[in-house]
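Here are the chains, one letter per residue:
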Amino acid sequence: MNKTKLNVRDFITIGVISAVAIVLFISVGTIMAITPVGWLFMYSVLAIPLGILYMLLYTKVPKKGVVLVSSLIFALPMLMNNWMVPAIITIVAIINELIWSKGNREKFSNKVLAFTVFMTSRVVASFSTLYLLQDMYLTQFADRAEYFEAVLEALAGPLIIVSFAAVVLTSIIGAFLGKATLKKHFEKAGIV
Amino acid sequence: MAQRGKRNALDYDPRTKLLFVLATGIFTFMAPDNFVLIWCFIVVLGILLIDGYYRQAIMNGIFYMLVLGLGTIITRYVANGILQIVLGMFLFMTGRLFPIYVIAGWAINNTETSELITAMQKMYIPKGFTIPLAVTFRFVPTVRYEFRYIKNTMKLRGVGITWKNLLKVPVNTLEYALVPLLLRSIKIADDLAASALTRGLDRDTPRTSLREVGLHLRDYAGLIIFTGTILVGFFLYDYV
């Protein structure tokens, strides 16, 4: 069988892992997004469980195209409320895929980089969308204006740097946690 | 597949169902007021009713009304402050997302995976994208079932997913929840792959489908009626 190209088995693995990721995203995201501060740090909290998932995916399927396809599938649910979030994620995903396929895909550092860029792209996408389309948000959701004003106020201050640093940091922590989990459980079970 | 027995009343193409979901998303996002939101939700429930999901439609309707009604009353009489923001946001998210959730659930439950793949093949979307997408859609409900079993088992062993455990031993709780979930998921993925290979999903030639997949008159009519009824709600809001 072709060793470098994605086959049907890999596509199904990507689909299954993405399904678990989407379920996690919905359940954690709904709880976190209730408060403005929670919304800012939603992806930082998510990065830890997702680290395990995506380390498993990248280790099980170390092939060209994994990063792109998995990012696109995970971006798709966002299409429901705004076109800009998936657009930004797609652009970053293409760049990320280029970095991923150029480097040594078996190496752990490459996986950490891909995962960190993936998580950070989501934060960049949701923040910049809110920032660029803020007038639309404020008029559209006049009844919830104080929530978005609180978020925008926080974005203007130093909290945005904290938020970015947090997501990068937790992505790396999540990746290392994923590596440890892979070693402890999945290698023994003969899965990776 | 041809002798699958009784089909539902609304026998739409997967693309039409996808457009229904997208339209619901766009309209609930644009809805200026609770009145329009409730109108959209009633249209969504109408689809469920026509398609024969009476129990589901009634339960969802009661839930939505309860959440919106109670939420409005509570936010009005609770003093200003953090609680009001939290409750308001919860209300806001339920109000906007629940209609999408209901119609997406309907679309997923009523679409055969092979139909979805054939429809996307007709849209010239590459196979590398359609297969993972189809698997993801099919698998989200399964993940939730599996997770329920794991949660029960965790509770039995005294390591349940509670706030106390999440704050005290976060890494262990995460490990106990995610590792079995992933192990089971990967196992199911292997089974699915075997089944897909048996069905010749890895061939490069175009797929054929026993069930005819195509956009017919009923699809266009359904879409026009659906968006039309929702737009009537917007007009009613503007002029009444």
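Residues numbered from 1 in each chain as written. Chains lettered and ligands numbered in written order. Predicted model: local features only at pLDDT ≥ 70, side-chain atom pairs only at ≥ 80, totals over all residues.

A. How the structure looks around the overall build of chain A. Within chain A, the secondary structure is distributed over nine helices and zero strands. Listed N to C, the secondary structure of chain A is α-α-α-α-α-α-α-α-α in terms of helices and strands. The globule rule puts the C-alpha radius of gyration for 192 residues at 16 Å, and the 17 Å found for chain A is close to it. Each of the three principal axes of chain A carries a C-alpha extent, and together these read 55 × 30 × 25 Å. For chain A, the residues scored as buried account for 44% of the 192 residues in total. Restricting the contact set of chain A to residue pairs at least 6 apart, pairs at least 24 apart contribute 75%. (Helix = DSSP H or I, 4+ residues; strand = E, 2+ residues; numbered from the N terminus. Rg over C-alpha atoms; globule rule 2.2 N^0.38 Å. Buried ≥ 20, exposed ≤ 12 C-beta atoms within 10 Å, placed from the backbone. Contact = placed C-beta atoms within 7 Å.)

B. Quick peek at the overall build of chain B. The number of helices and strands found in chain B is nine helices and zero strands. Written out in order from the N terminus, the α and β elements of chain B read α-α-α-α-α-α-α-α-α. Counting only C-alpha atoms, chain B reaches 65 × 55 × 30 Å along its principal axes. Expressed as a percentage of the 240 residues in chain B, the buried residues total 26%. For chain B, long-range pairs separated by at least 24 residues make up 71% of all intrachain contacts whose partners lie at least 6 apart in sequence.

C. Quick peek at helix 1 (residues 14-30) of chain B. Along its 17 residues, helix 1 of chain B runs 24 Å from first to last C-alpha, staying within 8% of the 24 Å computed at 1.5 Å per residue. Where the residues of helix 1 of chain B are buried, they touch helix 2 (34-50), helix 4 (82-109), helix 5 (113-122) and helix 9 (217-239) of chain B. (Expected span 1.5 Å × (residues − 1).)

D. How the structure looks around the interface of chain A and chain B. Counting from both sides, the interface comprises 38 residues of chain A and, opposite them, 39 residues of chain B. Looking at the side of chain A that touches chain B, the elements that each hand over two or more residues are helix 1 (8-32), helix 3 (42-60), helix 4 (66-75), helix 8 (145-156) and helix 9 (159-186) of chain A. A total of 14 residues in the side of chain A that touches chain B trace back to one element, the largest contributor, which is helix 1 of chain A.

E. Structural view of unusual backbone geometry. Residue and element names in this part refer to chain B. Positive phi is not limited to glycine here, since Tyr124 has a value of about 60°. By secondary structure assignment, the location of Tyr124 is in the loop between helix 5 and helix 6 (127-156). Residue Tyr124 is classed as exposed on the basis of its 6 C-beta neighbours within 10 Å.

F. Looking closely at the packing of helix 1 of chain B against helix 9 of chain B. Residue and element names in this part refer to chain B. Relative to each other, helix 1 and helix 9 sit at 10°, their axes nearing to 10 Å. Relative to helix 9, the element helix 1 lies roughly parallel. Seen from helix 1, the contacting residues are Thr16, Leu19, Phe20, Ala23 and Phe27; seen from helix 9, they are Asp219, Gly222, Leu223, Phe226, Thr227 and Ile230. Classifying every residue of the contact of helix 1 with helix 9 by side-chain character gives seven nonpolar, three polar and one charged. (Axes fitted to C-alpha atoms, helices over the stretch in contact; angles between N-to-C directions. Parallel < 35°, antiparallel > 145°, perpendicular 65-115°, else oblique. Nonpolar A, V, L, I, M, F, W, Y, C, P; charged D, E, K, R; others polar.)

G. Structural detail: the confidence of the model for chain B. When pLDDT is averaged across chain B, the result is 84; 95% of the residues are at 70 or more. Between residues 1-6 of chain B, whose pLDDT stays under 50, and residues either more than four places distant or in other chains, the model counts three contacts. (pLDDT = per-residue confidence, 0-100.)

H. Focus on the nonpolar core. Judged by nonpolar contacts, the single largest core of 77 residues is most densely connected at Ile12, Val20, Leu53, Leu56 and Leu57 of chain A. Broken down by element, this core gets its largest block of residues, 13 residues, from helix 3 of chain A. Judged by nonpolar contacts, the second largest core, of 24 residues, contains Phe20, Val44, Ile103 and Ile230 of chain B. (Core = buried A, V, L, I, M, F, W, Y, C linked by C-beta atoms within 7 Å.)

I. Structural view of the domain arrangement of chain B. When its domains are assigned, chain B resolves into domain 1 (13-112 + 211-240) and domain 2 (126-202). The distance between the C-alpha centroids of domain 1 of chain B and domain 2 of chain B comes to 28 Å. (Domains from an automatic or database assignment.)

J. Quick look at the confidence of the model for chain A. Overall, the prediction assigns chain A a mean pLDDT of 86, with 96% of residues at 70 or greater. Mean pLDDT per element in chain A: helix 7 (residues 134-140) of chain A is the minimum at 74, and helix 3 of chain A is the maximum at 92.

K. Here's a closer look at the environment of Val143 of chain B. Inspection of the secondary structure assignment puts Val143 of chain B in helix 6. In this structure the C-alpha to C-alpha distance between Val143 of chain B and Arg184 of chain B, which are 41 residues apart in sequence, comes to 9.4 Å. Setting aside its immediate chain neighbours within four residues, Val143 of chain B contacts Ala19, Val20 and Val23 of chain A together with Ser185 of chain B.

L. Layout of the packing of helix 1 of chain A against helix 3 of chain A. Residues and elements named next belong to chain A. Running from N to C, helix 1 and helix 3 cross one another at 170°; their axes reach a closest spacing of 10 Å. Comparing the axis directions of helix 1 and helix 3 gives the class roughly antiparallel. Counted together, Thr13, Ile14, Ile17, Val20, Ala21, Leu24, Phe25, Val28, Gly29 and Met32 of helix 1 and Met42, Val45, Leu46, Pro49, Leu50, Leu53, Leu56, Leu57 and Lys60 of helix 3 form the full contact between these two elements. A per-class count over the contact of helix 1 with helix 3 returns 16 nonpolar, two polar and one charged.

M. Representation of the environment of Arg218 of chain B in the model. Residues and elements named next belong to chain B. Here Arg218 is to be found in helix 9. A count of 13 C-beta atoms within 10 Å places Arg218 in the partly exposed class. Residues Arg218 and Thr16 lie 202 residues apart in sequence; the distance between their C-alpha atoms is 9.8 Å.

N. Examining helix 9 of chain A more closely. With 28 residues, helix 9 of chain A should reach 40 Å at 1.5 Å per residue; the first-to-last C-alpha distance of 37 Å fits that figure. Those residues of helix 9 of chain A that sit buried are Ser163, Val167, Thr170, Ser171, Gly174, Ala175, Leu177, Gly178, Thr181, Leu182 and Phe186 of chain A. Buried residues belonging to helix 9 of chain A abut helix 2 (36-40), helix 3 and helix 6 (108-132) of chain A together with helix 8 (170-198) of chain B.

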